[in-house]
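# Structure at a glance
Okay, here's what each chain looks like letter by letter:
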Amino acid sequence: DAKTTQPPSMDCAEGRAANLPCNHSTISGNEYVYWYRQIHSQGPQYIIHGLKNNETNEMASLIITEDRKSSTLILPHATLRDTAVYYCIVRGIRNSGNTPLVFGKGTRLSVIA
Amino acid sequence: NAGVTQTPKFRVLKTGQSMTLLCAQDMNHEYMYWYRQDPGMGLRLIHYSVGEGTTAKGEVPDGYNVSRLKKQNFLLGLESAAPSQTSVYFCASNPRGFQGNGELFFGEGSRLTVL
């Protein structure tokens, strides 16, 4: 699976948008971009995923560049409860079998009141 | 619907002791995984299974064994515990292919301390 690069930490003011970048320059055609987050010592929580189109759900938006070499996770109105470590992962998904999720160190987002 | 359940949640071992962590899922998922997480680090994949009776090594398999005798259960064993295996262990599962968006469902974690 392709490797990802994320900044180790970011701060965001409460109520503002949090934009978390991720570089995945070696992503291949059948690999999806997944985002998870881990709040304190809980198990990671799925946020969103995409292949090449921008995606939005009730938690966040995912913007993938046209060349698919980078993406940005957007939390439109960050709250204190969004303070967590955010992981960007690329992963192959196909009906013949999925590759395991391989986590990096992620980005520690601190939302500040 | 309990999702992914890990037992025990806490355990203290002495060096050289053995133990087994149990992961159970009630979602009929084909794939199951064991990860470990050390302080300040991301999750690292130990072993995983793509179906009943099958297992495969992940990034850090040494010192661990696994078994998947039943589809709903994935066991992680430590034959001779070492202090370096002090960690929080997470189990996860997901269905095959594109079902459920490929989302992984995680347990709450098992905190293991080896003295």
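Let me begin by describing the structure that accompanies this report.

## Quick word on the sheet that holds strand β3 (residues 19-25) of chain B
All names here are of chain B. As summarised here, the arrangement of the four strands in space is β1-β3-β8-β7, forming an open sheet in which the pairing is antiparallel. Across the chains shown, the open sheet's two edge strands, defined by having one partner strand only, are β1 (4-7) and β7 (64-67). Mean inter-strand twist for the sheet, computed between neighbouring axes without regard to direction, equals 20 degrees. Alignment of β3 against strand β8 (residues 73-78), held across six bridges, turns out to be antiparallel.

## Some points on the layout of surface pockets
Taken as a whole, the largest pocket encloses approximately 500 Å³ of empty space. What lines the largest pocket is a set of 24 residues, among which His40 and Arg108 of chain A together with Gln37, Pro39 and Gly40 of chain B lie closest to the centre. Within the residue set of the lining of the largest pocket, elements represented by two or more residues are β8 (84-92) of chain A together with β9 (87-94) and β11 (110-114) of chain B. Within the lining of the largest pocket, the residues separate by chemical class into 10 nonpolar, 10 polar and four charged.

## Quick look at the packing of aromatic side chains
One pass over the full model with this rule turns up 12 aromatic pairs over all chains. Taking the centre distance of 6.4 Å and the plane angle of 25 degrees together, the rings of Tyr34 of chain A and Tyr36 of chain A count as stacked. Like Tyr36 of chain A, Tyr34 of chain A is buried. Seen from their ring centres, Tyr64 of chain B and Tyr89 of chain B are 5.9 Å apart, and the 65 degrees between their planes marks the pair as edge-to-face. Here Tyr89 of chain B lies in strand β9 and Tyr64 of chain B lies in strand β7, a separation of 25 residues in the sequence. With respect to burial, Tyr64 of chain B and Tyr89 of chain B carry one shared label: buried. Above the face of the Tyr34 of chain A ring, Arg91 of chain A is positioned so that its terminal group lies 5.9 Å from the ring centre.

Conventions and cut-offs
- Residues numbered from 1 in each chain as written.
- Chains lettered and ligands numbered in written order.
- Predicted model: local features only at pLDDT ≥ 70, side-chain atom pairs only at ≥ 80, totals over all residues.
- Heavy atoms only, no water.
- Pairing = 2+ DSSP bridges.
- Helix = DSSP H or I, 4+ residues; strand = E, 2+ residues; numbered from the N terminus.
- Axes fitted to C-alpha atoms, helices over the stretch in contact; angles between N-to-C directions.
- 1 Å grid on protein atoms, 1.4 Å probe; cavity = no way out; pocket = protein on both sides within 12 Å on 5 of 7 lines; lining within 4 Å.
- Points joined across faces, edges and corners; volume = space filled by probe spheres on them.
- Nonpolar A, V, L, I, M, F, W, Y, C, P; charged D, E, K, R; others polar.
- Phe/Tyr/Trp six-rings, centres within 6.5 Å; stacked < 30°, edge-to-face > 60°.
- Buried < 20%, exposed > 50% of the residue type's maximum accessible area, 1.4 Å probe, protein only.
- Lys NZ or Arg CZ within 6 Å of the ring centre and 35° of its normal.

The quantities given are spatial measurements derived from coordinates; they are silent on function.
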